Amino acid sequence: MTLRDITDRITKAEAAAGRTPGAVSLIAVSKVQPNARVEAVLQEGQRIFGENKVQEAESKRAQVTVPVRWHLVGHLQRNKAKNAAKFDLVHSLDSERLAVALNDAAGEAQRVLEVLVQVNVSGEGTKSGFALHELPTVAERLHACGNLRVRGVMTMAPFDADESALRAVFRGARDARSQLQGAGFRAEWLSMGMSGDYEVAIEEGATHVRLGTVLFGSRT
Ligand SMILES: *Cc1c(COP(=O)(O)O)cnc(C)c1O
């Protein structure tokens, strides 16, 4: 689909759910996509891109001449934290040790790094992220990370989930966000919804959807 088709769908999903127009930001997940496809989406007007590897993001960043915001959406190894401090938003804060590493890296770069806490609602072994019951401890640790700003929660639904399972995951993420808010963080964002499930995610309150395949075509 073109960017326009997708933003139309997002607008319709917002309206159907009674959400404020423009409440949902689209992140174009450009990982593995050739530069020509990225360039085309850029030409159509997209200005927020998501990558899941720091090196790949750096090489794309070097190609792009207009101002673009880069989000890191994929799992990050601690030894890459330094490079991750350059991103505008890190969606994948998934361990306390990574939080400390990112906090240090942001401190060295003399900036405040915006982050989302990744939660693994379904408990799938293959997914990173905190279980909901870990959040009180995580919140305590995050309070000590003065260079991080906790803006909300990110989650991924199981690939093959049916609609009720999807909704349960998205509600779990909302619950995680409430927990973080209750612990004193601003945490207003919910990054959830990918190519196969973004309309349901918007109904369940997503503020950021992360779309790759539906926008760029398959990653071959
Ligand atoms: C690849 C990826 C996406 C985009 O997935 P699509 O199904 O292609 O839309 C979104 N979020 C994360 C964390 C990803 O790794």
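Computed from a predicted structure; not experimentally measured.

Novice: When you look at the side chain of Ser 191 in this model, what are you seeing that I'm missing?
Specialist: Relative to the assigned elements, Ser 191 resides in strand β7 (residues 189-191). The exposure class of Ser 191 is buried, given its relative accessible area of 1%. Within the structure, the side chain of Ser 191 is placed 2.9 Å from the side chain of Arg 210, a separation counted as a polar contact.

Novice: Looking at this model, I keep getting lost on the pattern of salt bridges. Mind explaining?
Specialist: Any two side chains of opposite charge can pair, given that their charged atoms come close. Taken as a whole, this structure holds 16 salt bridges when the rule is applied. Its salt-bridge partner being Lys 60, residue Glu 51 comes within 2.8 Å of it at the nearest N-O pair. For the residue pair Glu 51 and Lys 60, the accessibility class agrees, reading buried in each case. A salt bridge links Arg 141 to Glu 96; its shortest N-O distance comes to 3.6 Å. Taken together, the positions of Arg 141 in helix α6 (residues 135-143) and Glu 96 in helix α5 (residues 96-108) put the pair 45 residues apart, joining distant regions of the chain. On the basis of relative accessible area, Arg 141 is assigned to the partly exposed category, the value being 35%. Taking the relative accessible area as the measure of exposure, Glu 96 reaches 25% and is therefore partly exposed. One salt-bridge network, in which partners are shared between bridges, spans Glu 163, Arg 167, Arg 171, Arg 174, Glu 203 and Glu 204.

Novice: Can you help me understand the site of the ligand in this one?
Specialist: As a structural note, the neighbourhood of the ligand is formed by 13 residues, with Lys 31, Ser 195, Gly 212, Thr 213 and Arg 219 the closest of them. At 2.5 Å, a side-chain N or O of Ser 195 approaches an oxygen atom of the ligand. At 2.7 Å, a side-chain N or O of Arg 219 approaches an oxygen atom of the ligand. For the ligand, whose free accessible area comes to 380 Å², the fraction covered by protein is 92%. Residues belonging to the shell around the ligand are distributed by class as follows: six nonpolar, four polar and three charged.

Novice: What is the right way to read the environment of Met 1 from this model?
Specialist: One can find Met 1 in the segment before α1 (3-16). Judged by relative accessible area, Met 1 falls into the partly exposed class, the value being 41%. For the pair Met 1 and Glu 203, spaced 202 residues apart in sequence, the C-alpha separation works out to 21 Å. Sequence-distant contacts of Met 1, that is, excluding residues within four places in its chain, are made with Ile 6, Arg 9, Tyr 198, Val 214 and Leu 215.

Novice: Help me understand helix α3 (residues 54-63) in this model?
Specialist: Each turn of an α-helix holds 3.6 residues, which means side chains three or four residues apart point in the same direction. Along α3, the residues that are buried comprise Val 54, Ala 57 and Lys 60. For α3, the arc enclosing every buried residue in end-on projection is 125 degrees, short of the 170-degree limit, so these residues lie on one face. Of the surrounding secondary structure, the elements contacted by the buried residues of α3 are α2 (35-43), β2 (48-51), β3 (69-72) and α4 (81-84).

Novice: Even after reading the chapter, I still don't get the nonpolar core, so can you show me in this structure?
Specialist: In globular proteins that are soluble, nonpolar side chains generally tend to be buried together. Of all hydrophobic cores here, the largest spans 64 residues; its most connected members are Phe 49, Leu 102, Leu 142, Leu 148 and Val 209. Excluding residues within four positions of it along the chain, Leu 142 makes contact with Leu 93, Ala 99, Val 117, Leu 148, Val 150 and Phe 185.

Novice: I would appreciate a short explanation of the environment of Tyr 198 in the present structure.
Specialist: For Tyr 198, the location among the structural elements is in helix α8 (residues 198-203). Residue classification places Tyr 198 among the buried residues on the basis of a relative accessible area of 2%. Sequence-wise, Tyr 198 and Arg 9 are 189 residues apart; in three dimensions their C-alpha atoms are separated by 9.6 Å. Excluding its chain neighbours within four sequence positions, the residues that come into contact with Tyr 198 are Met 1, Ile 6, Arg 9, Ile 10, Gly 193, Val 209 and Leu 211.

Cut-offs applied
- Residues numbered from 1 in each chain as written.
- Predicted model: local features only at pLDDT ≥ 70, side-chain atom pairs only at ≥ 80, totals over all residues.
- Heavy atoms only, no water.
- Helix = DSSP H or I, 4+ residues; strand = E, 2+ residues; numbered from the N terminus.
- Buried < 20%, exposed > 50% of the residue type's maximum accessible area, 1.4 Å probe, protein only.
- Polar contact = N/O pair within 3.5 Å; in protein donor to acceptor, adjacent residues only side chain to side chain.
- Salt bridge = Lys/Arg side-chain N within 4 Å of Asp/Glu carboxyl O.
- Near = heavy atom within 4 Å.
- Areas by Shrake-Rupley, 256 points an atom, 1.4 Å probe, with all protein chains shown as cover.
- Nonpolar A, V, L, I, M, F, W, Y, C, P; charged D, E, K, R; others polar.
- Contact = heavy atoms within 4.5 Å.
- Arc of directions from axis to C-beta.
- Core = buried A, V, L, I, M, F, W, Y, C linked by side-chain atoms within 4.5 Å.

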